[in-house]
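In case you want the letters, here they are:
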Amino acid sequence: MEDDAKKLEEGLHKKDDDLIDKKVTTSSDRNGGGDVIAHDHEDEEMKKVDAVAPLEEKEIKGEEQPVLVVKQKSKRVATLDAFRGLTIVVMILVDDAGGAYARIDHSPWNGCTLADFVMPFFLFIVGVAIALAFKKIPKINDAVKKIILRTLKLMFWGIILQGGYSHAPDDLVYGVDMKQIRWFGILQRIALVYFVVALIETVTTKLRPTLLAPGHTSIFTAYKWQWIGGFVAFLVYMITTFSLYVPDWSFVVDEKDGPKKFLVKCGMRGHLGPACNAVGYVDRQVWGINHLYTQPVWRRLKACTLSSPSDGPLRKGAPDWCKGPFEPEGLLSSISAILSGVIGIHYGHILIHFKGHAERLKQWVSVAVVLIIIAVILHFTDAIPINKQLYSFSYVCFTGGAAGLVFSAFYLLIDVWGYRTPFLFLEWIGMNAMLVFVMAAQGIFAAFVNGWYYESEDNNLVSSAPTLLVKNHTKLLFFVTISRNCLQVNWIQNHVFIDVWHSERLGTLLYVIFGEILFWGVVAGILHKLKIYWKL
């Protein structure tokens, strides 16, 4: 009898759990506090869970009783918040300490450094969040409208923050010459990937199965349209990269003696070097050469500077292309970046369909290992080198696999073993990722603090720089890069960290860790306690 009662009780609880599971409709399980990088769905129905109260004794005896429905907050997937927070932290670290430690800054061309993981990690997060946010879609038309609106918001903020309009944090001015505005950047790439991946997820909602068929590949076949979309992006990128003819091109640089024109000889196809690749050619044709990033990382190559891999003056006799512009978040490379979003959404689908921790980890780790093996083979055979600037296929695989492994490790530590406390500050930052991205990574808060100076703009608390080159956007971008790495007058950094440790490199690193990352972790924690999030 006791065994029978125990089985009956387990069966009832199982039914309850199933019913709860069927009623759950979350937006990335409320991950990200509604910020743009988190991609929370905005439907109120996707923000709550209907929980069924335990069945009483009369129901066990067969008497019908009304079901008590209680509204409660949905459960967050802490791993996704922590992973998003980690990505923001790494971005701040490499942006502000990369000048002191060139090895963590973006690779000058082929290869992969710490900074090169930031963008694909963001896109991986976008994919996971989309899978969770669009797990159930009540009205497809409404979902499509919201996808379009969010995409436009991302584009707008991307142009404002990285198009040249904002000169934060080094100059107390704003505005940009429309002849030289930079049209593409980090948020614009995220917008494009989000639009494509979320749209495919939405329009194929009626084709998705509620239950997976048996077999190891069922998760792939169940979401074949997402993978077909990724394969189309792969084909467009590969065919264009290796078949498009790249002609000679020229550009003008303002030098001391006045404007000087430079010519880069190309006339080839399938080139994967800095000067004559199809990625740069597409951007020059689509956006125009005056609208590209003027300080590409290839300037730190040995062919361009004796200070390689650090920034430095161009060496005598450096190739003309060393002075040329290149868009690291360009159009063709952003098409390739769609694959990073597809990998992320696959991990989100696994999270939805597989309930056991072991099965989830098995799926995630196996995919990650396969991706890394593919990348290593392609890179070391020189077939397709790992290259962030080109967003090569090997780069997609390597960083996608790395994202999968880090995500799996976080899941094991936080959601399985319960070691959540050490990662709380990452969760807080992850829940307000857009706020920290804008205020810290884009220097808006530092610019606000700089606005309160004493007698001269140079005498401020955070950082300052001369404004001789503000009128020229091209020169301004060059100057901002130099000022951040070499000439920055930074009172807190200099007097609180560098002077104490008697090391500019170590002082800079400690300032970034304690003066920026830790500071924004505390701010994000306070905002979380106050339930304040930046929603976009």
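These lines cover the structure that appears in this document, whether it is placed above or below.

Definitions and cut-offs
For every chain, the first residue of its written sequence is number 1, and the numbers climb from 1 along that sequence. With the structure being a predicted model, the display of local features is reserved for residues of pLDDT at least 70 and the display and counting of side-chain atom pairs for 80 or more, all residues being used for whole-chain, interface and lining totals. Each side-chain value is derived from all of the structure's non-hydrogen atoms; neither hydrogens nor water enter the calculation. Elements are defined by DSSP. Helices are runs of H or I of four residues or more, strands are runs of E of two residues or more, and each kind is numbered from the N terminus. Partly exposed describes any residue whose relative accessible area lies between the buried limit of under 20% and the exposed limit of over 50%, with all areas from a 1.4 Å probe on protein chains only and scaled to the type maximum. Any two residues whose heavy atoms approach within 4.5 Å are treated as being in contact. Every accessible area reported is derived by Shrake-Rupley at a probe size of 1.4 Å, with residue values counting cover from the shown protein chains alone. Here a polar contact is taken to be a pair of N or O atoms separated by no more than 3.5 Å, where protein atoms must pair a possible hydrogen donor with a possible acceptor and residues adjacent in sequence count only if both atoms sit in side chains. Classification of ring pairs rests on two measures: the distance between centres of Phe, Tyr or Trp rings, Trp counted by its six-membered ring, which must be within 6.5 Å, and the angle between planes, read as stacked under 30 degrees, edge-to-face over 60 and tilted in between. Among buried residues, the Ala, Val, Leu, Ile, Met, Phe, Trp, Tyr and Cys ones that are joined through side-chain atoms within 4.5 Å form a nonpolar core. For the domain bounds, the source is a domain assignment made automatically or taken from a database. Any carboxyl oxygen of Asp or Glu within 4 Å of a side-chain nitrogen of Lys or Arg constitutes a salt bridge here. By convention in this document, the label disulfide applies to cysteine sulfur atom pairs within 2.5 Å. A helix's residues, less one, multiplied by 1.5 Å, set its expected span. Helix axes are fitted only over the stretch in contact, all axes being lines through C-alpha atoms; the angle between N-to-C directions runs from 0 to 180 degrees. In these notes the angle categories are as follows: under 35 degrees is roughly parallel, over 145 is roughly antiparallel, 65 to 115 is roughly perpendicular, and the rest is oblique. Three classes are used, and their members are as follows: Ala, Val, Leu, Ile, Met, Phe, Trp, Tyr, Cys and Pro are nonpolar, Asp, Glu, Lys and Arg are charged, and the others, Gly among them, are polar. Each crossing gets its handedness from the near helix: less than a right angle anticlockwise from the far helix is left-handed, clockwise is right-handed.

A few points about the overall build of the protein chain
Turning to step 1, where the next piece is worked out: Scanning the protein chain for helices and strands turns up 18 helices and 6 strands.
Turning to step 2, where the next piece is worked out: Expressed as a percentage of its 536 residues, the buried residues of the protein chain come to 52%.
Turning to step 3, where the next piece is worked out: Pairs at least 24 residues apart make up 73% of the contacts formed inside the protein chain by residues separated by at least 6 positions.
Turning to step 4, where the next piece is worked out: Of the roughly 25,600 Å² of accessible surface on the protein chain, 63% is carried by carbon and sulfur atoms.

Some points on the side chain of Glu327
Turning to step 1, where the next piece is worked out: Relative to the helices and strands, Glu327 is located in the loop between α9 (278-286) and α10 (331-353).
Turning to step 2, where the next piece is worked out: Here Glu327 falls in the buried class, since its relative accessible area comes to 1%.
Turning to step 3, where the next piece is worked out: Looking at Glu327, its side chain comes within polar contact range of the side chain of Arg182, at 2.7 Å.
Turning to step 4, where the next piece is worked out: Excluding its chain neighbours within four sequence positions, the residues that come into contact with Glu327 are Arg182, Phe184, Asp283, His291, Leu292 and Tyr293.

Some words on the side chain of Gln162
Turning to step 1, where the next piece is worked out: Relative to the helices and strands, Gln162 is located in helix α5 (residues 140-162).
Turning to step 2, where the next piece is worked out: Aside from chain neighbours lying at most four places away, what touches Gln162 is Arg182, Gly185, Ile186, Leu187 and Gln442.

Points about the packing of aromatic side chains
Turning to step 1, where the next piece is worked out: In the structure shown here, the tally under the stated rule is 29 aromatic pairs.
Turning to step 2, where the next piece is worked out: Ring geometry for Phe410 and Phe423: centres 5.3 Å apart, planes at 50 degrees, overall tilted. Linking Phe410 in helix α12 (residues 393-416) with Phe423 in the loop between α12 and α13 (424-431), this pair joins segments that are 13 residues apart in sequence. For the pair Phe410 and Phe423, a shared accessibility class is recorded, and that class is buried.
Turning to step 3, where the next piece is worked out: Among the aromatic side chains, those forming a connected cluster through ring pairs are Phe83, Phe117, Phe121, Phe124, Tyr347, Trp364, Phe398, Phe407 and Tyr411.

A short note on the nonpolar core
Turning to step 1, where the next piece is worked out: Counting residues in each nonpolar core, the largest one holds 123 residues, and the members touching the most others are Phe134, Tyr347 and Phe437.
Turning to step 2, where the next piece is worked out: For this core, the leading source of residues is helix α4 (residues 118-133), giving 14 residues.
Turning to step 3, where the next piece is worked out: Formed jointly, this core draws a minimum of three residues from each of two domains, domain 1 (101-234 + 334-420) and domain 2 (245-323).

Section: the pattern of salt bridges
Turning to step 1, where the next piece is worked out: Counted under the stated rule, the structure contains 8 salt bridges.
Turning to step 2, where the next piece is worked out: In this structure, the salt-bridge partner of Arg182 is Glu327, at a minimum N-O distance of 2.7 Å. Of the two residues, Arg182 is situated in the loop between α5 and α6 (186-203) and Glu327 in the loop between α9 and α10; the sequence distance between them amounts to 145 residues.
Turning to step 3, where the next piece is worked out: Each of Arg182, Glu327, Glu329 and Lys388 takes part in one network of salt bridges that share partners.

Some details on the state of the cysteines
By definition, a disulfide links the sulfur atoms of two cysteines through a covalent bond.
Turning to step 1, where the next piece is worked out: Counting across every chain of the model gives 2 disulfides.
Turning to step 2, where the next piece is worked out: Here Cys304 engages in a disulfide with Cys322; their sulfurs sit 2.0 Å apart. Given an S-S torsion of about -80 degrees, the disulfide between Cys304 and Cys322 has left-handed geometry. Of the two residues, Cys304 is situated in the loop between α9 and α10 and Cys322 in the loop between α9 and α10; the sequence distance between them amounts to 18 residues.
Turning to step 3, where the next piece is worked out: Owing to a relative accessible area of 0%, Cys322 belongs among the buried residues under this scheme.
Turning to step 4, where the next piece is worked out: Going through the protein chain in sequence order and numbering each bonded cysteine, the pairs you get are 1-2, 3-4.

Remarks on α12
Turning to step 1, where the next piece is worked out: Between its first and last C-alpha, α12 extends 32 Å over 24 residues, near the 34 Å set by a 1.5 Å rise per residue.
Turning to step 2, where the next piece is worked out: The positive-phi residue at the C-terminal boundary of α12 is Gly418, with phi of around 80 degrees.

Description of the packing of helix α3 (residues 78-97) against helix α14 (residues 433-441)
Turning to step 1, where the next piece is worked out: Where α3 contacts α14, the two axes come as close as 10 Å, and the packing angle between them is 5 degrees. By the angle class used here, α3 and α14 are roughly parallel. Listed contacts from α14 to Arg84, Ile88, Met91, Ile92 and Asp95 of α3 are Ala433, Val436, Phe437, Ala440 and Ala441.
Turning to step 2, where the next piece is worked out: Along the lines of polarity and charge, the residues of the contact of α3 with α14 split into 8 nonpolar, no polar and 2 charged.

Let's talk about the environment of Leu361
Turning to step 1, where the next piece is worked out: Examined against the element boundaries, Leu361 turns out to sit in helix α11 (residues 357-380).
Turning to step 2, where the next piece is worked out: A C-alpha to C-alpha distance of 6.2 Å links Leu361 and Ser408, two positions 47 residues apart in sequence.
Turning to step 3, where the next piece is worked out: Setting aside chain neighbours within four positions, we find Leu361 in contact with Ser408, Tyr411 and Leu412.

Observations regarding the packing of α4 against α10
Turning to step 1, where the next piece is worked out: Interhelical geometry of α4 versus α10 gives an angle of 40 degrees and a closest axis separation of 6 Å. As summarised for this structure, α4 and α10 are arranged oblique, according to the angle between their axes. Once α4 is placed against α10, the crossing between them reads as right-handed. Contacts between α4 and α10 involve Pro120, Leu123, Phe124, Gly127, Val128, Ile130, Ala131 and Leu132 on the former and, on the latter, Ala337, Ser340, Gly341, Ile343, Gly344, Ile345, Tyr347, Gly348, His349, Leu351 and Ile352.
Turning to step 2, where the next piece is worked out: Residues that form the contact of α4 with α10 fall into these classes: 13 nonpolar, 6 polar and no charged.

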